[in-house]
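Reading the structure
Chain by chain, the residues run as shown.
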Amino acid sequence: AQSVTQLDSQVPVFEEAPVELRCNYSSSVSVYLFWYVQYPNQGLQLLLKYLSGSTLVKGINGFEAEFNKSQTSFHLRKPSVHISDTAEYFCAVRTQTGANNLFFGTGTRLTVIP
Amino acid sequence: NAGVTQTPKFRILKIGQSMTLQCAQDMNHNYMYWYRQDPGMGLKLIYYSVGAGITDKGEVPNGYNVSRSTTEDFPLRLELAAPSQTSVYFCASSRPRTGTGQETQYFGPGTRLLVL
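Cut-off values and rules
Residues numbered from 1 in each chain as written. Chains lettered and ligands numbered in written order. Predicted model: local features only at pLDDT ≥ 70, side-chain atom pairs only at ≥ 80, totals over all residues. Heavy atoms only, no water. Helix = DSSP H or I, 4+ residues; strand = E, 2+ residues; numbered from the N terminus. Polar contact = N/O pair within 3.5 Å; in protein donor to acceptor, adjacent residues only side chain to side chain. Contact = heavy atoms within 4.5 Å. Buried area = accessible area lost by both parts, 1.4 Å probe. Salt bridge = Lys/Arg side-chain N within 4 Å of Asp/Glu carboxyl O. Disulfide = S-S within 2.5 Å. Buried < 20%, exposed > 50% of the residue type's maximum accessible area, 1.4 Å probe, protein only. Core = buried A, V, L, I, M, F, W, Y, C linked by side-chain atoms within 4.5 Å.

1. Things to note about the side chain of His75 of chain A
All names here are of chain A. Structurally, the position occupied by His75 is in strand S9 (residues 73-78). Polar side-chain contacts of His75 include one of 3.0 Å to the backbone nitrogen of Cys23. In contact with His75, other than residues within four places in its own chain, are Glu20, Leu21, Arg22, Cys23, Asn24, Trp35, Glu64, Ala65 and Glu66.

Structure, rendered in C-alpha cells:
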C-alpha cells in the first residue's frame, strides 16, 4: 500500500520569503508524484507532477519540486511567495502500474503574511 | 470545455434522508472518481470507475453507491444519510494510462454536505 506524509499542517511565511512544503511517501513499488493546490472554497488544481526523467520538476505559479528517491521525498518549493499563494497544498502519489487511484497527504495550509 | 462539474454546491440533509450528488465531465475521460475531504484530512477515495458500466470500491465506500451508465456522468448516491457523512465531496476524472500525460486527475469544485 501507498501512504503520504505531510509533516507540517500549517506553514506561515512572510510575503516575498522562500518556502518549502515537505512531503514524504511510502511505497513498495514505483510511483508517480503530484502536488495539488486548493484555494478557499474551490476544487483541487494540479501544480506539478513527477512521472520520470529529471528529478527537478517545475510547475505553475513559480513552484518547483524535487524528487529524491533515496529519501522518498517530494518537497515543494517557491523562492518568493505572494499573498495569492495562501492556500492548502496536497501531496499525492499513485502507483505506476495497477490501480489508477491517488493517495493524498493530509495537506499543508500555507499562509502568506503581508 | 466546462471540465468537471458538480451539483449541488451545498446541501443540508436530515439523518436517514437520501440524495444523489451529480458529477459530469465533458473531456471524454474514461476514469472517474469520488473523494471525500474531512477537516484536517487529505482526500479519501470512495468509489471509482474505469469506464461506462464498470465501478469499484475505494478506501471508504460504506454508505455510498455509484453507477456509470455513460462516459460523462458518475453520480454518487447516499441512501441513509448519517452525521459521519458530513464532508466535502469531490469528483475527479482522468484518462487511462496510455503513455505520458494521461495521469493527471481533474477535479470538480466540490459539494458541501451537512447531515444533521
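That was the structure; now back to the text.
2. A word on the interface of chain B and chain A
At the interface, 24 residues of chain B touch 24 residues of chain A. Roughly 1800 Å² is buried in total at the junction of chain B and chain A, and carbon and sulfur atoms are behind 51% of that figure. Taken together, the connections running from chain B to chain A amount to 0 salt bridges. Applying the counting rule to chain B against chain A returns 3 residue pairs in polar contact (both at pLDDT 80 or more).

3. Concerning the state of the cysteines
Residue and element names in this part refer to chain A. Counted by the stated rule, this structure contains 2 disulfides over all chains. The partner cysteine of Cys23 in its disulfide is Cys91, sulfur to sulfur 2.0 Å. One disulfide, between Cys23 and Cys91, carries an S-S torsion of -65 degrees and so falls in the left-handed class. On the criterion of sequence distance, the pair formed by Cys23 in the loop between strand S3 (19-21) and strand S4 (24-26) and Cys91 in strand S10 (residues 87-95) is long-range, its members being 68 residues apart. Look at Cys23 and you get buried, because its relative accessible area is 0%.

4. Digging into the nonpolar core
Residue and element names in this part refer to chain A. Ranked by internal contacts, the top residues of the largest apolar core, which has 28 residues, are Leu33, Trp35, Leu47, Leu48, Phe74, Leu76 and Tyr89. Elements that contribute at least two residues to this core include exactly strand S2 (10-14), S3, strand S5 (31-38), strand S6 (44-50), strand S8 (64-68), S9, S10 and strand S12 (108-113). With residues near it in sequence (within four places) discarded, Leu47 still touches Trp35, Tyr36, Val37, Gly59, Ile60, Asn61, Phe63, Leu76 and Tyr89.

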